[in-house]
Amino acid sequence: MDDAGTEFARANVLIDGPRIAGIGPDLEFPDATGEVHDIRGRDHLVMPGLINGHFHSPVNLMKGSLDSLPLEMFMLYESPSLGDLMAGRREAYVRTMLGAIEMLKTGVTALQDDAFFVPVPTPDAIDGVMQAYGDSGIRATVALDQTDVVEYAKFPFLENLLPEALRRQMDNDPLLGREALLELYGYLIERWNGQAQGRLGVAVSCSAPQRVTVEYFRALDDLSRRHDLPFYMHILETKLQRVLGDEKYGQSLVKYVDDLGLLHDRSTVIHAIWVDESDIEILAQRRVTVAHNPVCNLRLGSGVMPFRKLRNRNVPVCLGSDEAIADDTINMWASAKMAGLIHNITEPDYHNWPRAEEVLGCLIRGGARAMRRADRIGILAPGYEADLIMLDLQTLAFTPLNDLKRQLVYCENGSSVRLTMVAGEIVVRDGRVLTVDENAIRAEARDIAGHQAAVIQKVRRNADLLAPYYRDMYLRAARRDVGINRWVGDAWRPG
Ligand SMILES: [Zn+2]
């Protein structure tokens, strides 16, 4: 995966502690002192581990729990349930571990977790998440995705559509102010940044620009700059957000954030679907990374990100699964395949369609760049972290072997992964996670979900009361002509 696209038909990979010490054909093993492990790789591919560039762990127990809905309706049913289910340390640990296991077994060695805590994070829940990543053996960068504005202010039209009583109910929703949130960030950074031999990292998150006050937004940016942390922001995921920009800020949300001076090379801009040409120009100039989540985007009907337009302007792209309730597997092979397919129906000129090599570049080196770890992961080379996977090339996905890269993108689903190594430690071998008792974690996850079922039902009945007003808002935005279209088909047409 290096710039030259170096591949060896046969090679030795020498690993010393957490790093790669040498790689190449007929490489001599030096006289080693201490313990030496010899891993045979005949008929296997060794490649860098996959990177999940965008993910939210807190809904790991909710896969398959909602039918497809647009984001704004979806969140209405998802988030309040979490409030009534506020996780303590152990629940946060178990649900995070469940996701880490799924990722490690399918060859993901690193991820960015934009973890939201509804209604508010606590040091206990933060510890549960971080401890799980630490124990699992995966590499993880985690942010606190919190909002500090009232619910109806995040949307166009809603404040006026809601009856007085429901609006007042939202005014009373618990919110942590800027100071309290920054204190929690202080805790997260102090306690966890750089832990587990550097596998654990911290990022900052505004969730989305319309979900935070300018003061908090700026304070997060300040944290990001002082500690060199990635900055996560969901921007223009939906058409409704494009309309919100016009209604509330009189400009696109990309322009709004750029005018605040908060787009830069530490930013991971998540989704970037309803961006127009001048937004793309800004994203390119500010050298942000865009996180592309094609399966989630289809599940929520958000639209198709203008992949080629962004790539033509050299905007770096990473791939993500997004949350386990909106891409109900955490399988990066599925995200990669979808990224390799969906853009083909957006334009007839096949020269502009993504190629397998380009998709793999987004999946691995794009993710490393987003994590601000491009000098340490994403490539197998001396000095880089030994974050690698070994795939069995005798499985159906690679039989017969016609083209390695195309078969990685279009055939493989994670089931050929035989070994996952992170920072020189073997964490998965022959389908078994070595760092944790997977069966016990699964049993506990089932148990927790069982206890939560009744609460979720009750909370969703409350969401039913709000749903008609959200639907009105959604349709009003959907019908507006915003000058661009990111939906496929002609039913979207305004009017
Ligand atoms: Zn997201």
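Here is a short report on the structure shown in this document.

Conventions and cut-offs
Counting starts from 1 at the beginning of each chain's written sequence and moves along it residue by residue. Reporting in this predicted model follows two pLDDT cut-offs: at least 70 for local features of residues, and 80 or more for side-chain atom pairs to be given and counted; totals over whole chains, interfaces and linings ignore these cut-offs and use all residues. To get the side-chain values, all heavy atoms of the structure are used, and hydrogens and water are removed first. Numbering of helices and strands runs from the N terminus; a helix is a DSSP stretch of H or I covering at least four residues, while a strand is a stretch of E covering at least two. Atoms considered for the radius of gyration are the C-alpha atoms alone. The globule rule reads 2.2 Å times the number of residues to the power 0.38. Partly exposed describes any residue whose relative accessible area lies between the buried limit of under 20% and the exposed limit of over 50%, with all areas from a 1.4 Å probe on protein chains only and scaled to the type maximum. Here a residue-residue contact requires only that any non-hydrogen atoms of the pair lie within 4.5 Å. Each accessible area value is a Shrake-Rupley result obtained with a 1.4 Å probe; residue values ignore everything except the protein chains displayed when judging cover. The positive count covers Lys and Arg only, the negative count covers Asp and Glu only, and His and the chain ends enter neither. By convention, the charge on Lys lies at NZ, on Arg at CZ, on Asp at CG and on Glu at CD. Note on terminology: disulfide denotes any pair of cysteine sulfur atoms within 2.5 Å. Paired strands, as defined in this entry, are two strands with at least two bridges between them according to DSSP. For Na, K and Ca the donor cut-off is 3.2 Å, and for all other metals it is 2.8 Å, counting N, O and S atoms only; because water is absent from this set, sites may look incomplete. Donor angles set the geometry label: tetrahedral for four donors if every angle is between 85 and 135 degrees, square planar for four and octahedral for six if opposite donors exceed 155 degrees and the others are between 65 and 115, irregular for anything else. Here the term cavity refers to a set of points on a 1 Å grid, laid over the protein atoms alone, in which a 1.4 Å probe fits but cannot get out; the term pocket refers to an open set having protein on both sides within 12 Å along at least five of seven lines, with lining residues being those that place an atom within 4 Å of a point. Grid points are joined across faces, edges and corners, and a volume is the space filled by probe spheres set on the points. As a working rule, the residues Ala, Val, Leu, Ile, Met, Phe, Trp, Tyr, Cys and Pro are called nonpolar, Asp, Glu, Lys and Arg charged, and the rest polar, with Gly in that last group. All axes here are fitted lines through C-alpha atoms, helices being fitted over the stretch that makes contact, and every angle between N-to-C directions spans 0 to 180 degrees. We call a set of buried residues a nonpolar core when its members are Ala, Val, Leu, Ile, Met, Phe, Trp, Tyr or Cys and they connect through side-chain atoms within 4.5 Å of each other. Comment on the angle field: the value is read as roughly parallel under 35 degrees, roughly antiparallel over 145, roughly perpendicular from 65 to 115, and oblique elsewhere. If you view the pair so one helix is near and one far, a crossing is left-handed when the near helix is turned anticlockwise from the far one by less than a right angle, and right-handed when it is turned clockwise.

Remarks on the overall build of the protein chain
Each helix and strand counted, the protein chain has 16 helices and 16 strands in total. For 495 residues, the compact-globule formula gives about 23 Å, and the C-alpha radius of gyration of the protein chain, at 22 Å, lands near that figure. Along the longest, intermediate and shortest principal axes, the C-alpha atoms of the protein chain span 75 × 50 × 40 Å. Buried positions account for 56% of the 495 residues belonging to the protein chain. Expressed as a percentage of contacts within the protein chain between residues at least 6 apart in sequence, the contacts between residues at least 24 apart total 78%. Only carbon and sulfur atoms are counted for the fraction: they give 48% of the accessible area of the protein chain, which is about 20,800 Å². If you average the places of the 55 positive and of the 69 negative side-chain charges in the protein chain, the two averages end up 2 Å apart.

Here's the deal with the state of the cysteines
Scanning the entire structure with this criterion turns up zero disulfides. Cys296 takes part in no disulfide bond, and the closest cysteine sulfur to it belongs to Cys318, at a distance of 13 Å. Residue Cys296 is classed as buried on the basis of its relative accessible area of 1%. Take Cys362: it sits in no disulfide, and the sulfur closest to it among the cysteines is that of Cys318, at 8.4 Å. Classification of Cys362 as buried rests on a relative accessible area of 3%.

Regarding the pairing of strand β14 (residues 417-422)
Among the six residues of β14, five are classified as buried, and the element is accordingly described as predominantly covered. As paired strands, strand β13 (residues 388-392) and β14 are joined by four bridges and run antiparallel to one another. Following the sheet pairing, Leu391 is matched in β14 by Val417. Note: β14 against strand β15 (residues 425-429), four bridges, orientation antiparallel.

Topic: the coordination of the zinc ion
Taken together, His54 (NE2), His56 (NE2), His234 (NE2) and Asp322 (OD) make up the full set of protein donors to the zinc ion, lying 2.0 to 2.7 Å away. One can describe the site at the zinc ion as irregular: its four donor atoms subtend angles covering 83 to 173 degrees at the metal. All donor residues of the zinc ion come from one chain, and their arrangement in sequence is H-x1-H-x177-H-x87-D. Here His234 is found in strand β9 (residues 231-235), whereas its partner Asp322 is found in the loop between β12 (317-319) and α13 (332-341), with 88 residues between them in sequence.

Details of empty space enclosed by the protein
Applying the stated criterion to the full structure yields three cavities of 30 Å³ or more. For the second largest cavity, the calculated volume is near 80 Å³. In terms of lining residues, the second largest cavity is bounded by 14 residues, among which Glu72, Thr238, Lys239, Tyr474 and Trp487 are the most central. For the lining of the second largest cavity, the secondary-structure elements that each account for two or more residues are α1 (71-84), α8 (239-249) and α16 (438-479). Top contributing element to the lining of the second largest cavity by residue count: α16, with three residues. In the lining of the second largest cavity, the residues fall into nine nonpolar, three polar and two charged.

Focus on the sheet that holds strand β7 (residues 200-202)
The strand order across the open sheet built from four strands is β4-β5-β6-β7, with neighbouring strands paired in parallel fashion. The two strands at the open ends of the sheet, each matched to only one other strand, are β4 (50-55) and β7. On average, each strand axis in the sheet is inclined to that of its neighbour by 15 degrees, with strand direction left out of account. By the bridge criterion, four bridges tie β4 to strand β5 (residues 108-115) in an arrangement that is parallel.

Points about unusual backbone geometry
Cis geometry is found at the peptide bond from Thr399 to Pro400, where omega equals -5 degrees. Tracing the backbone through its elements, the reader meets Pro400 in the loop between β13 and α15 (404-410). Non-glycine residue Phe157 carries a positive phi angle of around 70 degrees. Residue Phe157 is classed as buried on the basis of its relative accessible area, which comes to 13%. Of note, Asp430 is a non-glycine position whose phi angle comes to about 50 degrees, a positive value. Its location among the elements puts Asp430 in the loop between β15 and β16 (432-433).

Here's the deal with the nonpolar core
Nonpolar side chains in soluble globular proteins tend to end up buried together. In this structure, Tyr133, Leu263 and Leu283 are the most contacted members of the largest nonpolar core, which totals 146 residues. Looking at which element gives the most residues to this core, the answer is α16, with twelve residues. When neighbours within four sequence positions are excluded, Leu263 is seen to be in contact with Met233, Ile235, Val254, Val257, Asp258, Val269, Ile282, Leu283, Arg286 and Val288. Of all hydrophobic cores here, the second largest spans seven residues; its members include Leu380, Leu388, Leu419 and Met421.

Comments concerning the packing of helix α6 (residues 178-192) against helix α7 (residues 214-227)
Interaxial distance between α6 and α7 falls to 10 Å at its minimum, and their mutual angle equals 20 degrees. As the angle between them shows, α6 and α7 are arranged roughly parallel. Between α6 and α7 lies a crossing of right-handed hand. Where α6 abuts α7, its residues Arg178, Leu181, Leu182, Tyr185 and Ile189 lie against Glu215, Tyr216, Ala219, Leu220, Leu223 and His227. Residues of the contact of α6 with α7, tallied by class, amount to eight nonpolar, one polar and two charged.

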